[in-house]
Amino acid sequence: MSARGQVSAGELLQLVRSGRAVTRGALQQATGLSRATVGQRLDRLFRAGWLREGAGGPVGSPLGGRPSITLEFDDSHAVVLAADLETRHARAAVLSLTGEILAEHSGTLVVEDGPDAVLGDLGHWFGELLEKAGHRAEEVCGIGLAVPGPVDTASGRVVQPPIMPGWDGYDIRGRLARAFTEATGAPPVPVLVDNDANLMAYGEQRTGFPDCSAFVLVKVSTGIGAGVVVDGSLFRGIDGGAGDIGHIRVGAEALCRCGSYGCLAAVASGGAVARRLAEDGVPAASGSDVRDLLAAGHPAASALAREAGRQVGDVLATVVTLLNPGVLMIAGDLAGTAFLTGVRELLYQRALPRSTAHLHVVTSRLGERAGLVGAGALVVEHLYAPERVEERLMALGV
């Protein structure tokens, strides 16, 4: 919070959005601003369409009187677009500013086709989804994109992604902004890009475990990655490489797609399980194929998934000891009973009891929508951060 007298309209909006102060009187008390100053700054937010008056709150005085009018973030003034890319499949959606999915589409998009084609197709998807949701392209305030590789969040570019050939260093933000404009005719909007496991973790933590101060999500699909949320914020490391546990060496001789031998992803990912099944004559080419086999109760797939879970659980014992999370969530194509059983076997065997005494090991609650919800939330938190609110209000002339 800025010094008294310097508290901005953006900071007042943050207090309202967080629920810490939702009346004019509460805002005065929280900030030390005068009634007139609070009124002036709220007026800017009302004129932008970002705030609205809600129902009257309870009467605070025992003598009665008029109830305080509550203030609410008006989520109807804009929408967010989000997409979650996997290696051969993608999902896209229109979301409200509070995370409600208004329209959704999923289909085949192959990352090996390259960023220009894939992002161009996403632009077309977005145009069709907006029409389906009944919203104009001009209502879009931003786009969030989840990708299956490490991302330098400062530039929005993927960095040496093992399973995204042709994407290294590509200007994803610029191309997706152009694709949106080409498909809709609307001006470009801000584009935020992050790793898929990060955004899944962000979406799951915010919606299901908001009070958990240390949250870890592990996605096991074609590859293996982890997202870490600490005190409500994503922990990315210095250049987006945090959580890349799929490339921890586990002593095996298998060749990984990154070019190294013995990576966890080379022996315990959905792709690795699919290869072993294919070697035994079971039709499986990807993590999604393994997921379908597991859903059908295929015995060989279940046995290999449990074995993969044990290998991942061995690595997660170190992760849990290092981070001491309250929640460890398993997500992705292999996140079923067999895999989870294997994880628990090795995790509780190898980790110290002190590290697991208050640990909850769970599976995804949002399922395939987790990345979309996280991508939407990332855009909203970015655009409505106090310092950015000021920039945007000035651009609107209010």
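Everything discussed here concerns the structure shown above.
Here the structure is a predicted model, which is why all the values come from computation and not from measurement. (Residues numbered from 1 in each chain as written. Predicted model: local features only at pLDDT ≥ 70, side-chain atom pairs only at ≥ 80, totals over all residues. Heavy atoms only, no water.)

Engineer: Hey, could you run me through the pattern of salt bridges in this one?
Structural biologist: When charged atoms on two side chains of opposite charge get close, those side chains can pair. Across all of its chains, the model carries 25 salt bridges by this definition. Between Arg310 and Glu345 there is a salt bridge; the shortest N-O distance is 2.5 Å. Note that Arg310 is positioned in helix H10 (residues 299-323) and Glu345 in helix H11 (residues 337-350), a separation of 35 residues in sequence. Its relative accessible area of 36% is what places Arg310 among the partly exposed residues. The partly exposed category is assigned to Glu345, whose relative accessible area is 22%. Residues participating in the shared-partner salt-bridge network are Arg91, Glu104, Arg291, Asp292, Asp333, Glu368 and Arg369. (Salt bridge = Lys/Arg side-chain N within 4 Å of Asp/Glu carboxyl O. Helix = DSSP H or I, 4+ residues; strand = E, 2+ residues; numbered from the N terminus. Buried < 20%, exposed > 50% of the residue type's maximum accessible area, 1.4 Å probe, protein only.)

Engineer: Help me out: how do you make sense of the packing of aromatic side chains in this one?
Structural biologist: Pairs of aromatic rings are described using the distance from one ring centre to the other and the angle between the two planes. Following the criterion strictly, the structure yields 3 aromatic pairs and no others. Look at Trp50 and Tyr384: their rings are 5.3 Å apart centre to centre, the planes differ by 75°, and that puts the pair in the edge-to-face class. Taken together, the residues span a long stretch of sequence, with Trp50 in the loop between helix H3 (35-48) and strand E1 (51-56) and Tyr384 in the loop between helix H13 (370-383) and helix H14 (386-396) at a distance of 334 residues. In this pair, the class of Trp50 matches that of Tyr384, namely buried. Measuring from ring centre to ring centre gives 5.7 Å for Phe209 and Phe215, while their planes differ by 40°; the resulting arrangement is tilted. Aromatic rings pair up to connect Trp50, Phe73 and Tyr384 into one cluster. Between Arg17 and the ring centre of Phe73, over which it is positioned, the NZ or CZ distance is 5.2 Å. For Arg392, the ring lying beneath its charged end belongs to Tyr384, and the centroid distance is 4.7 Å. (Phe/Tyr/Trp six-rings, centres within 6.5 Å; stacked < 30°, edge-to-face > 60°. Lys NZ or Arg CZ within 6 Å of the ring centre and 35° of its normal.)

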